[in-house]
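Examination of the molecular architecture
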Amino acid sequence: MTEAGSNEVPITSYVRPGASLSHMSAVGGGLGFGLPAAVGAQLGAPDRPVIALMGDGSMHYAITSLWTAARHKIPLTIVVSSNEEYGVLKQFAEIESTAGVPGLDLPEPDIVASSHELRHRRSRNHRHR
């Protein structure tokens, strides 16, 4: 599962689909699509491994999907390429001649720490039920 963000072209240079539905992506964009779609794909095909490939901006757009995966023990492999920005939004800003839009930089996002925090919260919340 890939997100149609700024990392889509590099990823497709390395990932070669071998079977039907082996490479799924959002056509035409959709920042935040990849992670929840990967969770859904794993639920829909529990006998097949699902790997989510996305950038750090996309990851943070729908990071609550990590909580869902942890809460329901959904096995998922996530690969995050980090460029510390919302790259695709910066590309759109350049196309629209609005470069320099604030809020598109993600200085040193700590994806691993965010993941551990959501897992900890899942464990803590689960005990109280």
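The present account deals with the structure reproduced in this document. (Residues numbered from 1 in each chain as written. Predicted model: local features only at pLDDT ≥ 70, side-chain atom pairs only at ≥ 80, totals over all residues. Heavy atoms only, no water.)

In terms of burial, strand S1 (residues 51–55) is largely enclosed, as 4 of its 5 residues are buried. Two strands pair when backbone bridges link them, and S1 and strand S2 (residues 77–81) are joined in this way by 5 bridges, in the parallel orientation. Bridge assignment links Ile51 to a residue of S2, and that residue is Thr77. (Buried < 20%, exposed > 50% of the residue type's maximum accessible area, 1.4 Å probe, protein only. Helix = DSSP H or I, 4+ residues; strand = E, 2+ residues; numbered from the N terminus. Pairing = 2+ DSSP bridges.)

In this structure, the largest pocket occupies an estimated 340 Å³ of space. Counted by class, the lining of the largest pocket contains 10 nonpolar, 2 polar and 1 charged residues. (1 Å grid on protein atoms, 1.4 Å probe; cavity = no way out; pocket = protein on both sides within 12 Å on 5 of 7 lines; lining within 4 Å. Points joined across faces, edges and corners; volume = space filled by probe spheres on them. Nonpolar A, V, L, I, M, F, W, Y, C, P; charged D, E, K, R; others polar.)

Going through the model one piece at a time under the given rule, you end up with 2 salt bridges. The residue Lys90 makes a salt bridge to Glu85 at a minimum N-O spacing of 2.9 Å. For Lys90, a relative accessible area of 24% corresponds to the partly exposed category. Assessed through its relative accessible area of 23%, Glu85 is described here as partly exposed. Between Asp105 and Lys90 there is a salt bridge, and its shortest N-O distance comes to 2.5 Å. A residue pair is termed long-range when its members are at least 10 positions apart, and Asp105 in the loop between helix H5 (87–95) and helix H6 (111–127) and Lys90 in helix H5 qualify at 15 residues. The class of Asp105 is partly exposed, set by a relative accessible area of 49%. Counted as one network, the salt bridges with shared partners bring together Glu85, Lys90 and Asp105. (Salt bridge = Lys/Arg side-chain N within 4 Å of Asp/Glu carboxyl O.)

Bringing the side chain of Gln42 into the picture now. One can find Gln42 in helix H2 (residues 34–44). Residue classification places Gln42 among the buried residues on the basis of a relative accessible area of 5%. Separated by 2.9 Å, the side chain of Gln42 and the backbone oxygen of Arg48 make a polar contact. Here the side chain of Gln42 touches Val50 through a polar contact of 3.2 Å, landing on its backbone nitrogen. Once you skip the residues sitting within four places of it in the chain, Gln42 turns out to touch Arg48, Pro49, Val50, Ile74 and Pro75. (Polar contact = N/O pair within 3.5 Å; in protein donor to acceptor, adjacent residues only side chain to side chain. Contact = heavy atoms within 4.5 Å.)

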